[in-house]
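Each chain, letter by letter, is given below.
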Amino acid sequence: MHVPHVSIDGMASHTEITANVNYAPEKVHAALSDNAYWTYLAENMSTPAGEVLSFNNEGDRTEVEIKQIMSTDSLPDAVKSLIKNALVVVRKISWGPLADDAAESTVTAEVNGMPVTFGGTQNLRAEGDGSAIVTGADVTVNVPMMGPVLEPKVAGAVDGLFQREAGLLQDYLSKNA
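Keep in mind that this is a model prediction, so the values were computed, not measured.

Caption draft 1: Geometry of the overall build of the protein. The number of helices and strands found in the protein is four helices and eight strands. Listing the helices and strands of the protein from first to last along the sequence gives β-β-α-α-β-β-α-β-β-β-β-α. Buried residues in the protein amount to 45% of all 177 residues. When contacts within the protein are restricted to residue pairs at least 6 apart in sequence, long-range pairs at least 24 apart make up 53% of them. Put simply, the protein shows about 8,700 Å² of open surface, and 52% of that area lies on carbon and sulfur atoms.

In structure tokens form, the structure reads like this:
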């Protein structure tokens, strides 16, 4: 579910995204703490495949830096007109430990060659017989006069990114849980 909120001052658009996974939080968190999952995600999220730039799960946090290629097909025409090639998105994710069937992460991302950034938090929690990952993200498009108009449209593309990622997490768990 995607719930956009556009700030009045044009500073950023906030979006809330809920993605459901049909596995218990401990299985989801175990995948999110495993380099094999992130490699699977990078290889299957886009064509051409992305890559895991760094992974560290020593201590109580899992730190991941991943590069993904996003097609412009899912973007609105107003945004496509500004883009010549596929978008290269570099995300940094930091998942904390699982406690009481819940965990939190921070996520930041930059789109290479574009004045677009997003950042926020993700919360893993139990939901029915499975889990939900709720992402709250602020999307900023630094284009004079057009940024506030484009931000909600880019936020919609960010929603699609996290929904596809949840689908791949579900697929990964069906093969590896």
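Let's pick the thread back up.
Caption draft 2: Focus on the pairing of strand E6 (residues 102-111). Here E6 shows a buried face lined by Ala103, Ser105, Val107, Ala109 and Val111 and an unburied face lined by Ala102, Glu104, Thr106, Thr108 and Glu110. Where strand E5 (residues 87-95) meets E6, seven bridges bridge the pair, whose relative direction is antiparallel. Bridging from a neighbouring strand, Val89 pairs with Val111 of E6. From the end of E5 to the start of E6, which pair antiparallel, there are six residues, and Asp100 there has a positive phi angle of about 55°. Relative to strand E7 (residues 116-127), E6 runs antiparallel, the two being bridged by nine bridges. Bridging across to E7, Glu110 finds its partner in Thr117. From the end of E6 to the start of E7, which pair antiparallel, there are four residues, and Gly113 there has a positive phi angle of about 80°.

Caption draft 3: Main features of the packing of aromatic side chains. For the structure on display, the rule yields four aromatic pairs. Ring geometry for Tyr37 and Trp38: centres 5.0 Å apart, planes at 65°, overall edge-to-face. A relative accessible area of 0% places Tyr37 in the buried class. Classification of Trp38 by relative accessible area gives buried; the value is 1%. Of the aromatic side chains, those joined through ring pairs into one cluster are Tyr37, Trp38, Tyr40 and Tyr172.

Caption draft 4: Quick look at the nonpolar core. Counting 37 residues, the largest nonpolar core has Val28, Tyr37, Trp38, Trp95 and Leu169 as its most contacted members. If we skip the residues at most four places from it in the chain, Tyr37 touches Ala31, Leu32, Glu165, Leu169 and Tyr172.

Caption draft 5: Molecular detail of unusual backbone geometry. Each neighbour pair has its own omega, and for Thr47 with Pro48 the value is 0°, a cis peptide bond. Along the polypeptide, Pro48 turns up in the loop between helix H2 (35-44) and strand E3 (51-56). The backbone of Asp100 shows a phi angle near 55°, a positive value even though the residue is not glycine. Along the chain, Asp100 turns up in the loop between E5 and E6.

Cut-offs used in this document
Numbering of residues begins from 1 in every chain and follows the order in which that chain's sequence is written. With the structure being a predicted model, the display of local features is reserved for residues of pLDDT at least 70 and the display and counting of side-chain atom pairs for 80 or more, all residues being used for whole-chain, interface and lining totals. No hydrogens and no water enter the side-chain calculation; it runs on all heavy atoms of the structure. Only DSSP runs of H or I reaching four residues or more are called helices, and only runs of E reaching two or more are called strands; each is numbered from the N terminus. Summary of the burial criterion: residues with accessible area below 20% of their type's maximum are buried, those above 50% are exposed, and those between are partly exposed, where the area comes from a 1.4 Å probe applied to protein chains only. Contact definition: two residues touch when any of their heavy atoms are within 4.5 Å. Calculation of accessible area relied on Shrake-Rupley with a 1.4 Å probe; when residues are assessed, cover is drawn exclusively from the protein chains displayed. DSSP calls a pair of strands paired once it identifies at least 2 bridges connecting them. Only rings of Phe, Tyr and Trp enter the pairing, Trp through its six-membered ring, and a pair is recorded when the two centres are within 6.5 Å. The plane angle decides the type: under 30 degrees is stacked, over 60 is edge-to-face, the rest tilted. Within this scheme, the nonpolar core is defined by two criteria: the residues are buried Ala, Val, Leu, Ile, Met, Phe, Trp, Tyr or Cys, and they are joined through side-chain atoms within 4.5 Å.

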